[in-house]
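Single-letter residue listing:
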Amino acid sequence: MDRFLLGQYIYGNSYVHRLDPRAKLLGTFAFIILIFLANNFWTYGVIVLFTLFAAYMTKISAKIYWQGLRPMLWLMIFTVTLQILFTSGGDIYLKWGIITISQYGIINSIFILVRLSTIIFMSTILTITTPPMLIADAFASLLKPLKKVKFPVDQFSMICSIALRFVPTLMETATKIMNAQRARGASFNDGNIIKRIKSIIPMLIPLLINSMKIAIDLAESMTARNYQLGEPRTQFRRLRWHKTDLYVLYYFAILTLLLIVLRRF
Amino acid sequence: MNQNVVSLTKTALVTAIYLALGFLFQPVSFGPLQFRVAEITNPIAVFNKRYVWGITIGCFLFNLISSPNALIDMGIGTANTLVMTGVSYLIAKKIKNYWTKLLITPFIGAISMFMIAAELYWFASAPFWITYGTLMVTQFAMMLIGAVLFGIIEEKTHFFRNENKTNS
């Protein structure tokens, strides 16, 4: 737990790392919408090249991207297998009972595989090149227009900041409590599932009480500093939009145009 | 002390608990056969409306930061958590028995997983009913553990229902 990492962020100084997190968030959003414009090998080819180019620009090893793909690997294999075995259309290569291996099945499965893996790649690019706190800040910043419809953007942003700051404290406290209880003979890894759950309870109670104290102390400290809900605040981390961030939007404009043209072939 | 600020920090605390559990068990928290341990916090929503927001923001941040499909999961997953915890809170308000209130949440959680199954069907072409089935089972198990666990803790400490005390 001492080496606990928040999120997937990997420190770096690449072009993608330096981009404004709002540009990266908007780009990832745009990508998820744009991928539905792809409908043939040309358009999916462009999507793959675009994704590989973006991944290359992060200067992060392919191994990290593979780790991003791994949790969804079974879903991908399962979906692709179903598509190959049960989709009919075009040339039929094999027919055995309800199982049909057809041209459309194979093409569809390739498209699904590309769609899913490129979405995962793009999401990984966002999360490995942007610290979690900045992602939350960027999201809160993009939500600002919602203030007009009375959405509590500032409170939302404050909760995100406090919670992300709270996590390492929680982990540290949990480790201390577990070590203290282990020293008194407690065991957290023995016995069946019910025994294990029961062994967690004496650890969770002091953890929750401790955390509640921290929450109350924090509220007192914020009140003492005259924190007012809904009032405008200054920020320690200020997001600045640069010329290079604008280029991201140009890249996506070019991608959109390419997809619109190529989807007719 | 300003009670609105206390409420804000308590909400952030629940968000942090969701996130901590999420990050600890991150490798098994996504996909059609997911064991998202952080979901054990969902039954807390029955104690106070503020925890509906705390858990929802926790789910939002966890998906945004850690999910392989960050933005898709962030949208649909967060909406799912908001609906699940919101409905649990509203139904629980009408139930007087402490344990019934808590033990109804795993059923609501399991039923609401159709949203995640639909997401996986739409974006990954995963078969809807099989995915829905596996998600229902794992979600039910996680929330049942959470309901029992937090039920016992709350019975002993009144931690989540007490407005301003630290129980110390």
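About the cut-offs
Residues numbered from 1 in each chain as written. Chains lettered and ligands numbered in written order. Predicted model: local features only at pLDDT ≥ 70, side-chain atom pairs only at ≥ 80, totals over all residues. Heavy atoms only, no water. Contact = heavy atoms within 4.5 Å. Buried area = accessible area lost by both parts, 1.4 Å probe. Salt bridge = Lys/Arg side-chain N within 4 Å of Asp/Glu carboxyl O. Polar contact = N/O pair within 3.5 Å; in protein donor to acceptor, adjacent residues only side chain to side chain. Helix = DSSP H or I, 4+ residues; strand = E, 2+ residues; numbered from the N terminus. Nonpolar A, V, L, I, M, F, W, Y, C, P; charged D, E, K, R; others polar. Expected span 1.5 Å × (residues − 1). Core = buried A, V, L, I, M, F, W, Y, C linked by side-chain atoms within 4.5 Å. Buried < 20%, exposed > 50% of the residue type's maximum accessible area, 1.4 Å probe, protein only. Domains from an automatic or database assignment. Pairing = 2+ DSSP bridges. Phe/Tyr/Trp six-rings, centres within 6.5 Å; stacked < 30°, edge-to-face > 60°. Lys NZ or Arg CZ within 6 Å of the ring centre and 35° of its normal. Axes fitted to C-alpha atoms, helices over the stretch in contact; angles between N-to-C directions. Left-handed = near helix turned anticlockwise from the far one by under 90°. UniProt positions renumbered as here; feature names shortened; annotations may be inferred. Patch = residues over 30% accessible without salt bridge, like charges linked within 9 Å, V, L, I, M, F, W, Y side chains within 5 Å. Areas by Shrake-Rupley, 256 points an atom, 1.4 Å probe, with all protein chains shown as cover.

## Some remarks on the interface of chain B and chain A
Phase 1 of the analysis: Opposite the 59 residues of chain B that make contact, chain A presents 58 residues.
Phase 2 of the analysis: Of the roughly 5200 Å² buried between chain B and chain A on both sides combined, carbon and sulfur atoms contribute 85%.
Phase 3 of the analysis: Interface area lost by chain B to chain A is led by Leu-8, Ile-65 and Leu-71 of chain B, which between them contribute 12%.
Phase 4 of the analysis: In this assembly, chain B and chain A are joined by 0 salt bridges.
Phase 5 of the analysis: Counting across the chain B and chain A interface gives 1 residue pair in polar contact (both at pLDDT 80 or more).
Phase 6 of the analysis: For the side of chain B that touches chain A, the element with the most residues is helix α1 (residues 3-24) of chain B, which contributes 16 residues.
Phase 7 of the analysis: For the side of chain B that touches chain A, the residue count by class is 40 nonpolar, 16 polar and 3 charged.

## Quick look at helix α7 (residues 128-157) of chain B
Phase 1 of the analysis: Here α7 of chain B contains 30 residues, and its C-alpha end-to-end distance of 41 Å stays within 8% of the 44 Å for a straight helix at 1.5 Å per residue.
Phase 2 of the analysis: His-158 of chain B occupies a position one or two residues after α7 of chain B and carries a positive phi of about 50°.

## Quick look at the nonpolar core
Phase 1 of the analysis: If you look at the biggest cluster of nonpolar residues, it comprises 126 residues, and the most contacted ones within it are Leu-61 and Phe-160 of chain B.
Phase 2 of the analysis: When we break this core down by domain, the ones giving at least three residues each are domain 1 (2-143 + 243-262) and domain 2 (153-224) of chain A.
Phase 3 of the analysis: Apart from residues lying up to four places away in sequence, Phe-160 of chain B is in contact with Leu-208 of chain A together with Val-14, Ile-44, Phe-47, Tyr-51, Phe-150 and Glu-154 of chain B.

## Things to note about the pairing of strand β2 (residues 99-102) of chain A
Residue and element names in this part refer to chain A.
Phase 1 of the analysis: Only one face of β2 is covered, namely the one carrying Thr-100 and Ser-102; the face carrying Ile-99 and Ile-101 has none of its residues buried.
Phase 2 of the analysis: Where strand β1 (residues 92-96) and β2 come together, 4 bridges link them in antiparallel fashion. When the bridges of β2 are listed, Trp-96 appears paired with Ile-99.
Phase 3 of the analysis: In this antiparallel pair of consecutive strands, β1 and β2, the connection spans 2 residues, and Gly-97 shows a positive phi of 65°.

## Examining the domain arrangement of chain A
Residues and elements named next belong to chain A.
Phase 1 of the analysis: Domain assignment breaks chain A into domain 1 (2-143 + 243-262) and domain 2 (153-224).
Phase 2 of the analysis: Contacts between domain 1 and domain 2 engage 9 residues on the former and 9 residues on the latter.
Phase 3 of the analysis: When domain 1 packs against domain 2, close to 770 Å² is buried across both sides, 84% of that on carbon and sulfur atoms.
Phase 4 of the analysis: Here domain 1 and domain 2 share 0 salt bridges between them.
Phase 5 of the analysis: Taken together, the connections running from domain 1 to domain 2 amount to 0 residue pairs in polar contact (both at pLDDT 80 or more).
Phase 6 of the analysis: Considering only residue class, the side of domain 1 that touches domain 2 consists of 8 nonpolar, no polar and 1 charged.

## Things to note about the side chain of Thr-43 of chain A
Residues and elements named next belong to chain A.
Phase 1 of the analysis: Secondary-structure assignment places Thr-43 in helix α3 (residues 41-57).
Phase 2 of the analysis: Engagement of the side chain of Thr-43 in a polar contact is seen with the backbone nitrogen of Asn-39, the distance being 2.9 Å.
Phase 3 of the analysis: For Thr-43, the residues in contact, after removing those within four places along its chain, are Ala-38, Leu-259, Leu-262 and Arg-263.

## With respect to the pattern of salt bridges
All names here are of chain A.
Phase 1 of the analysis: According to the stated counting rule, one finds 2 salt bridges over all chains in the structure shown.
Phase 2 of the analysis: Arg-22 is paired through a salt bridge with Asp-20; the nearest N and O atoms lie 2.8 Å apart. For the pair shown, Arg-22 and Asp-20 are each scored as buried.
Phase 3 of the analysis: Of the charged contacts in the structure, one is a salt bridge between Lys-147 and Asp-154, with a shortest N-O distance of 3.5 Å.

## A word on the packing of aromatic side chains
Phase 1 of the analysis: Tallying each qualifying case throughout the model produces 17 aromatic pairs over all chains.
Phase 2 of the analysis: Between Phe-31 of chain A and Phe-50 of chain A, the ring centres sit 6.4 Å apart and the planes meet at 15°, which makes this aromatic pair stacked. Pair noted here: Phe-31 of chain A is in helix α2 (residues 21-34) and Phe-50 of chain A is in helix α3, with a separation of 19 residues, a long-range link. Here Phe-31 of chain A and Phe-50 of chain A have matching classes, each one buried.
Phase 3 of the analysis: One aromatic cluster is present, formed by Phe-139, Phe-151 and Phe-156 of chain A together with Phe-60 of chain B through successive ring pairs.
Phase 4 of the analysis: We note Lys-59 of chain A situated over the ring of Tyr-56 of chain A; from NZ or CZ to the ring centre the distance is 4.4 Å.

## Some remarks on the packing of helix α7 (residues 132-143) of chain A against helix α2 (residues 49-66) of chain B
Phase 1 of the analysis: Close contact between α7 of chain A and α2 of chain B brings their axes to 10 Å; oriented N to C, the two are set at 115°. In the packing of α7 of chain A onto α2 of chain B, the handedness of the crossing is right-handed. Residues Pro-132, Ile-135, Ala-136 and Phe-139 of chain A of α7 of chain A form the contact with α2 of chain B, whose participating residues are Phe-60, Leu-61, Leu-64 and Ile-65 of chain B.
Phase 2 of the analysis: Across the contact of α7 of chain A with α2 of chain B, the residue classes tally to 8 nonpolar, no polar and no charged.

## Side note on the UniProt feature "transmembrane region" (unreviewed entry) in chain A
Residue and element names in this part refer to chain A.
Phase 1 of the analysis: The UniProt feature table records "transmembrane region" (unreviewed entry) at residues 29-56, 68-86 and 246-262.
Phase 2 of the analysis: Annotated as 79% helix and 0% strand, the span residues 29-56 places its first and last C-alpha atoms 20 Å apart.
Phase 3 of the analysis: Strand forms 0% of residues 246-262 and helix 100%; the C-alpha atoms that close the span are 25 Å apart.

## Focus: the UniProt feature "transmembrane region" (unreviewed entry) in chain B
Phase 1 of the analysis: As recorded in UniProt, the sites labelled "transmembrane region" (unreviewed entry) are residues 12-30, 51-68, 104-123 and 129-153 of chain B.
Phase 2 of the analysis: Between the C-alpha atoms that bound residues 104-123 of chain B the distance is 31 Å, and the span itself is 90% helix and 0% strand.

## Focus: a nonpolar patch on the surface
All names here are of chain A.
Phase 1 of the analysis: On the surface, a nonpolar cluster with roughly 750 Å² of combined accessible area is contributed by Leu-26, Phe-29, Leu-142, Trp-241, Leu-246, Tyr-247, Leu-249, Tyr-250 and Tyr-251.
Phase 2 of the analysis: When residues of the nonpolar patch are traced back to their parent elements, those giving at least two are α2 and α10 (243-262).
Phase 3 of the analysis: With 5 residues, α10 is the largest single contributor of residues to the nonpolar patch.
Phase 4 of the analysis: Structurally, Tyr-250 can be placed in helix α10.
Phase 5 of the analysis: In this structure Tyr-250 comes out as partly exposed when scored by relative accessible area, which is 46%.

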